[in-house]
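Topology and contacts: notes
What follows is the residue order along each chain.
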Protein chains: 2
Amino acid sequence: MQRHQATIKEIAQKLGVSISTVSRALQNNTRIGLRTRERVWELAKTMHYVPNPAAIFLKKNRTYTIGVLLPYLQEEFFSMAISGIEDVALEKGYNVVVSQSRDKFDREEKALKSFLSSRVDGVIASVAAETNNYSHFKEVEHFGTPLVFFDRVPRNLEANKVRCSITDGAFEAIEFLIGKGIKRIALMNGPSNLEVCDERLNGYLTAIKKFNLETSPKYIKSTDLSKEDTIIKMKELLALEEPPEAILTFNDYLALYAMQVCKQKGLVPNKDMLFVSFANLPMTFYLDNPPLASVEQFAYNMGVKATELLINIIENPAEEMPPYQEIVMNTKLIVH
Amino acid sequence: MQRHQATIKEIAQKLGVSISTVSRALQNNTRIGLRTRERVWELAKTMHYVPNPAAIFLKKNRTYTIGVLLPYLQEEFFSMAISGIEDVALEKGYNVVVSQSRDKFDREEKALKSFLSSRVDGVIASVAAETNNYSHFKEVEHFGTPLVFFDRVPRNLEANKVRCSITDGAFEAIEFLIGKGIKRIALMNGPSNLEVCDERLNGYLTAIKKFNLETSPKYIKSTDLSKEDTIIKMKELLALEEPPEAILTFNDYLALYAMQVCKQKGLVPNKDMLFVSFANLPMTFYLDNPPLASVEQFAYNMGVKATELLINIIENPAEEMPPYQEIVMNTKLIVH
DNA sequence: CTGTTAGCGCTTTCAT
DNA sequence: ATGAAAGCGCTAACAG
């Protein structure tokens, strides 16, 4: 249980060579004789030598760590994205530090501060539902740390973004409902500060218009994504003189909350009231009565793309890169 | 976008004092005059000074980082545990690095290697379903890094462990079924290398015995926790001459897989075949027909306890501590 | 109350 | 082909 790890210094002493020789040998620098290199490698292995990353950082100013900030690990969407992030990061030699904002602005601020103080090489973030001021993110860039937003990207902020074409997904979802002969379609959206919510709204409105249907502000609800708020808004929809026949929800969870309200009111979900949602989470496979359809957002792939972009930015001098990059991925409506 | 961060050296120069004065002032060392301390703090703030953790590590041989290794982030049980881990860790000034083994032995090995090479101060781990050789974990201890197992603790290995009293939970679950007049109860367990599986089996057998029921090896199935294997084992149970009337499953997911098999065979779950499971995951709240009851394991709290124990070990000299500690938490049967 | 100095483990320039 | 030495940012023993 000795809290001591082998260093190049020790290797150098045992071998009777200098520290710099060992350092170079370990980097397979050809300036060092083959024989010496072999001896160094051999001893390093038997001594269980592992380079000390802090020392390397001090020299190179790189931690080979990326910070990931997202609302909830518990949401399958995000844990799937993490898997994608982790796979790419580990393969490219980076570690991943994860923090949850729990959709709170102050947690988000703290997490970013902590990322900066631990000198992560880059940050991937999906913004909290509460956030509508991005100064803490600007601080990250001001600190010189590359930042990539994914999925929940901020509105009106130039930045690196990886997201999917929610607008198209919403359009396709509405089109699907219209194809079922539905006329009155409501939108149970998220908080208006998120661009992903604008997109849902745009896709919804575009489809409504294109197919000559009507909607009304009463059919368009904004929630803070919580169960409580969703229930309130759902009750409002059901209390309308002409309640909608179908609802497009921000994600699968909101659909499930809303479906519970339906049941309480004696309505059979997907029969008396149709549901289509976003995310297409694996958990819905377990449900007897999942939303009729859901817009698959390919969370894992978005994680992969975001990480590739981030590492690309980290490893390439700013001059050679365009100021900001945006990657937009396709969605796909999955009918259950 | 300057990739340069303030250092105490710069602060010292601007203030015309020595580096060590600044270092001490920043630590609020009373040996430094109040006035000086104030001036240092003020300048540090305006210069956005953030201490460089790598430099501190180099001195103190501490990274203030803990590595968490678990099977799947996607499983709510683990993501809830992470929340508990994160909350304690952040509060005590530690960062959290997460890795998933995906129940694979070689991923587990790699993740541990990576933890060691990044010199985490301690490791919290829940072992992979595949693992039945613990040499990679022994390597961690040999390296001098404190290790705490949680929930899926290894069998026959002395170590720090935080787990819950699965045996009692299993007993209570069987008792519950017996109270419903059920006679033939099967156990759909996990892989036998996990101690948590022994415990399920023990609790099951103890209850069967105590209430003078009978069971048979045919009623006791071991799975690798995958959906595929669960389906196979479930079909075997249903194909028996006298199929069980109720099944206790390793966790909620297995119950859901098994229930799907029932439905395919025309049986109504929880009517023709009763299900009781472990974990009591929030996702089951969304189900129309969740398992009849589930043994709550308080994942968040286990995460909290494991982290408290680990940090305790990290921060206290080995001499003052018992060699290994084991914390066993209570479970609670939740009837749905 | 404050400064000087050595050193944590490693890379890298400059010598040889 | 190899070594000496400086320095990354910080702490802490020692010296006033």
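See the structure above.
Reading the values: the criteria
Residues numbered from 1 in each chain as written. Chains lettered and ligands numbered in written order. Predicted model: local features only at pLDDT ≥ 70, side-chain atom pairs only at ≥ 80, totals over all residues. Heavy atoms only, no water. Buried < 20%, exposed > 50% of the residue type's maximum accessible area, 1.4 Å probe, protein only. Helix = DSSP H or I, 4+ residues; strand = E, 2+ residues; numbered from the N terminus. Pairing = 2+ DSSP bridges. Right-handed = clockwise from strand over helix to strand, strands pointing away. Near = heavy atom within 4 Å. Polar contact = N/O pair within 3.5 Å; in protein donor to acceptor, adjacent residues only side chain to side chain. Salt bridge = Lys/Arg side-chain N within 4 Å of Asp/Glu carboxyl O. Least-squares fit on C-alpha atoms with pLDDT ≥ 70 in both. Contact = heavy atoms within 4.5 Å. Buried area = accessible area lost by both parts, 1.4 Å probe. Nonpolar A, V, L, I, M, F, W, Y, C, P; charged D, E, K, R; others polar. Axes fitted to C-alpha atoms, helices over the stretch in contact; angles between N-to-C directions. Phe/Tyr/Trp six-rings, centres within 6.5 Å; stacked < 30°, edge-to-face > 60°. Lys NZ or Arg CZ within 6 Å of the ring centre and 35° of its normal.

Okay, the pairing of strand β4 (residues 147–150) of chain B next. Residues and elements named next belong to chain B. The side-chain alternation of β4 yields two buried faces, one formed by Leu147 and Phe149 and the other by Val148 and Phe150. Note: strand β3 (residues 122–125) against β4, 3 bridges, orientation parallel. The residue of β4 that forms the bridge with Ile124 is Val148. Once the chain exits β3 it traverses helix α7 (residues 135–142) before rejoining the sheet at β4, and the crossover so formed is right-handed. Judged from the 3 bridges that link them, β4 and strand β5 (residues 160–164) form a sheet pairing that is parallel. When the sheet's bridge partners are listed, Val148 is paired in β5 with Asn160.

What follows is about the protein's contact with DNA strand C. Residues in contact with DNA strand C amount to 26 residues; listed here are only the nearest, A:Tyr49, B:Ser20, B:Thr21, B:Arg24 and B:Arg31. Sugar and phosphate atoms constitute 53% of the interface atoms of DNA strand C, taking the interface as everything within 4 Å of the protein. At 3.1 Å, a side-chain N or O of A:Arg24 approaches a base oxygen of DNA strand C. Between B:Thr21 and DNA strand C, the recorded distance is 2.5 Å, taken from a side-chain N or O atom to a phosphate oxygen.

One pass over the full model with this rule turns up 28 salt bridges over all chains. Its salt-bridge partner being B:Arg62, residue B:Asp121 comes within 3.3 Å of it at the nearest N-O pair. You can see B:Asp121 sitting in the loop between α6 (105–117) and β3 and its partner B:Arg62 sitting in the loop between α4 (53–60) and β1 (65–70), a full 59 residues away along the chain. Of the two residues examined, B:Asp121 and B:Arg62, each falls in the buried class. With a closest N to O distance of 2.7 Å, B:Arg163 and B:Glu326 form a salt bridge. In this pair, B:Arg163 is assigned in strand β5 and B:Glu326 in strand β11 (residues 326–329), connecting sequence segments 163 residues apart. On the accessibility criterion, B:Arg163 (15% relative accessible area) is buried. Residue B:Glu326 is classed as partly exposed on the basis of its relative accessible area, which comes to 43%. Taken together, the shared-partner salt bridges in this structure form one network comprising A:Asp87, B:Arg102 and B:Arg107.

We now examine the pairing of strand β8 (residues 246–249) of chain A. Residues and elements named next belong to chain A. Going residue by residue along β8, you find Ala246 and Leu248 tucked away on one face and Ile247 and Thr249 tucked away on the opposite face as well. Note: strand β6 (residues 185–189) against β8, 4 bridges, orientation parallel. Residue pairing in the sheet places Ile185 in a bridge with Ala246 of β8. Note that β8 and strand β9 (residues 274–279) share 3 bridges and pair parallel. Its bridge partner being in β9, Leu248 is matched across the sheet by Val276. In the classification by handedness, the crossover that spans β8, the intervening helix α11 (residues 252–264) and the parallel β9 is right-handed.

So, on to the relation of the copies chain B and chain A. Between chain B and chain A, which share one sequence, the superposing operator has a rotation angle of 180 degrees and an axial displacement of 0.1 Å; the RMSD is 0.3 Å. Viewed as a symmetry operation, the transformation between the two copies matches a two-fold axis. Most of the interface of chain B is mirrored in chain A, where 100% of its interface residues are also at the interface.

Here we take up the interface of chain B and chain A. Taken residue by residue, the interface counts 55 residues in chain B and 55 residues in chain A. At the boundary of chain B with chain A, total buried surface from both sides reaches about 5,100 Å², with 48% on carbon and sulfur atoms. Remark: the boundary between chain B and chain A carries 6 salt bridges. Here A:Arg107 ties to B:Asp87 by a salt bridge, and the two come within 2.9 Å at their closest N and O atoms. Applying the counting criterion to the chain B and chain A interface returns 28 residue pairs in polar contact (both at pLDDT 80 or more). Elements with a contribution of two residues or more to the side of chain B that touches chain A: α4, α5 (76–91), β2 (95–100), α6, α7 and α11 (252–264) of chain B. Element by element, the count of residues in the side of chain B that touches chain A is highest for α5(B), at 8 residues. Among the residues forming the side of chain B that touches chain A, the class breakdown is 24 nonpolar, 19 polar and 12 charged.

It is worth spelling out the sheet that holds strand β10 (residues 293–296) of chain B at this point. Residues and elements named next belong to chain B. Spatially, 6 strands are ordered β7-β6-β8-β9-β10-β12 in an open sheet, and the strand pairing comes out mixed. Since the sheet does not close on itself, it has two edges, and those belong to β7 (220–222) and β12 (332–335), each with one partner. Going from strand to strand, the sheet's axes swing by 20 degrees on average, the running direction of each strand aside. Bridge count between strand β6 (residues 185–189) and β7: 3 bridges; the pairing is parallel. Residue pairing in the sheet places Asn189 in a bridge with Ser222 of β7. Strand contacts of α11: β6, β8 (246–249), β9 (274–279) and β10, with the helix running at about 155 degrees to β9, the strand carrying the most contacts.

With that out of the way, let us pick up the sheet that holds β9(A). Residues and elements named next belong to chain A. Strand order in the open sheet formed by 6 strands is β7-β6-β8-β9-β10-β12, and the pairing between neighbours is mixed. Each edge of the sheet is formed by a strand with only one pairing partner; in this case those strands are β7 (220–222) and β12 (332–335). For this sheet, the mean inter-axis angle between neighbouring strands, taken without regard to orientation, is 20 degrees. Running at roughly 175 degrees to β6, helix α9 (residues 195–210) makes contact with β6, β7 and β9 of the sheet.

Let's shift gears to the protein's contact with DNA strand D. In the vicinity of DNA strand D lie 28 residues, with A:Thr21, A:Arg24, A:Arg31, B:Ile8 and B:Tyr49 positioned nearest. One of the side-chain nitrogen or oxygen atoms of A:Thr21 is found 2.4 Å away from a phosphate oxygen of DNA strand D. In the model, a base oxygen of DNA strand D is placed 2.5 Å from a nitrogen or oxygen of the A:Arg24 side chain. Counting only elements with at least two residues in the surface near DNA strand D, the list comes to α2 (19–26) and α4 (53–60) of chain A together with α1 (8–15), α2 (19–26) and α4 of chain B.

Before going further, it helps to spend a moment on the packing of aromatic side chains. Scanning the entire structure with this criterion turns up 16 aromatic pairs over all chains. Judged by centre distance (6.1 Å) and plane angle (50 degrees), the rings of A:Tyr286 and B:Tyr253 are tilted. One end of the pair, A:Tyr286, is in the loop between β9 and β10 (293–296); the other, B:Tyr253, is in helix α11, on a second chain. By the burial criterion, A:Tyr286 is buried, and B:Tyr253 matches it. Here B:Phe77 and B:Phe78 contribute two aromatic rings whose centre-to-centre distance is 5.2 Å and whose plane-to-plane angle is 85 degrees, an arrangement assigned as edge-to-face. Judged by its relative accessible area of 6%, B:Phe77 falls in the buried class. One Lys or Arg, A:Arg200, reaches over the ring of A:Phe250 and ends 3.9 Å from the middle of that ring. The residue whose ring lies beneath B:Arg62 is B:Tyr64, and the NZ or CZ to ring-centre distance is 4.4 Å.

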